[in-house]
Amino acid sequence: MGYITSTYLAYGLRIPTDAHPWHESGRIDAGLTTIRDLCPDVGHLTAGQYDQDMVFLVTQYTEIELGTYGRTTTATAEQVADWNRQLANAVDHLGYGHIRDLDAPGWIAIPDVS
């Protein structure tokens, strides 16, 4: 058995949660389904250290293989503002608005070891 490593470059934010990432992932899927019209670009991913994955709400992401580099698509200020609005709606609807250390959305690099 070996490790699989990858890295994601994403626009979004980390959701700090004590719930198991797979459980939280299912809850997010169900919640986003009900607000697809408000947040058409919002999805999620789980990634992190081997058995300590973190949960992220994202609007755009790409996987970057180890030893390579990646580029984001060029997003306009209007697109970023729309993504921020969608992420804020998703955060509120999914019940994460009360989290004190919730970061503002931005471009993030997310390493993953599975």
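See the structure shown above.
Summarised in this report is the structure supplied together with it. Everything numeric here is computed off the predicted structure, so don't read it as measured data.

Thresholds, definitions, all that
- Residues numbered from 1 in each chain as written.
- Predicted model: local features only at pLDDT ≥ 70, side-chain atom pairs only at ≥ 80, totals over all residues.
- Heavy atoms only, no water.
- Helix = DSSP H or I, 4+ residues; strand = E, 2+ residues; numbered from the N terminus.
- Buried < 20%, exposed > 50% of the residue type's maximum accessible area, 1.4 Å probe, protein only.
- Contact = heavy atoms within 4.5 Å.
- Core = buried A, V, L, I, M, F, W, Y, C linked by side-chain atoms within 4.5 Å.
- Phe/Tyr/Trp six-rings, centres within 6.5 Å; stacked < 30°, edge-to-face > 60°.
- 1 Å grid on protein atoms, 1.4 Å probe; cavity = no way out; pocket = protein on both sides within 12 Å on 5 of 7 lines; lining within 4 Å.
- Points joined across faces, edges and corners; volume = space filled by probe spheres on them.
- Nonpolar A, V, L, I, M, F, W, Y, C, P; charged D, E, K, R; others polar.
- Salt bridge = Lys/Arg side-chain N within 4 Å of Asp/Glu carboxyl O.

Topic: the overall build of the chain
Check the secondary structure of the chain and you find 2 helices and 4 strands. Counting only C-alpha atoms and orienting by the principal axes, one finds that the chain spans roughly 40 × 35 × 25 Å. Every one of the 114 residues in the chain was classed for burial, and the buried ones make up 34%. Long-range contacts, defined as pairs at least 24 residues apart, comprise 78% of the intrachain contacts of the chain with a sequence gap of at least 6.

Digging into the nonpolar core
Core analysis: the largest hydrophobic core is formed by 17 residues, its most contacted members being L57, A90 and Y96. Those elements giving two or more residues to this core turn out to be strand 1 (5-15), helix 1 (21-34), strand 3 (52-64) and helix 2 (77-93). Grouped together as the second largest cluster of nonpolar side chains are 7 residues, A10, F56, V58 and I110 included.

Let's talk about the side chain of S6
Note on placement: S6 falls in strand 1. Not counting residues up to four positions away in its chain, the partners in contact with S6 are E63, I64, I110, P111 and D112.

Looking at the packing of aromatic side chains
By the definition in use, this model includes 4 aromatic pairs. For the pair Y8 and Y61, a centre-to-centre distance of 5.8 Å together with 70 degrees between the ring planes defines the contact as edge-to-face. Remark: Y61 occurs in strand 3 and Y8 occurs in strand 1; sequence separation between them is 53 residues. For Y8, a relative accessible area of 15% puts it in the buried group. On the basis of an interplanar angle of 85 degrees and a centroid distance of 6.0 Å, the ring pair of W83 and W107 is categorised as edge-to-face. Taken as a pair, W83 in helix 2 and W107 in strand 4 (residues 106-113) lie far apart in primary sequence, 24 residues in all.

Describing the layout of surface pockets
Empty space within the largest pocket amounts to approximately 170 Å³. In this structure, the largest pocket is lined by Y8, H20, P21, W22, T46, Y50, D51, Q52, D53, D112, V113 and S114. Mapped onto the lining of the largest pocket, the elements with two or more residues apiece are helix 1, strand 3 and strand 4. In terms of residue class, the lining of the largest pocket is built from 5 nonpolar, 4 polar and 3 charged.

Comments concerning the environment of L57
Counting through the fold element by element, L57 comes out in strand 3. For the pair L57 and T46, spaced 11 residues apart in the sequence, the C-alpha separation amounts to 9.0 Å.

Quick word on the pattern of salt bridges
Using the criterion set out here, one finds 2 salt bridges in the structure. We note a salt bridge from E24 to R27, for which the minimum N-O separation is 3.1 Å. Highlighted residues: E24 and R27, both in helix 1, separated by 3 residues, approximately one helical turn. Residue classification places E24 among the buried residues on the basis of a relative accessible area of 4%. The class of R27 is partly exposed, set by a relative accessible area of 34%. For R85, the salt bridge identified is with D82, shortest N-O distance 2.5 Å. On the criterion of helical spacing, the pair formed by R85 and D82 is a turn pair, its members being 3 residues apart in helix 2.

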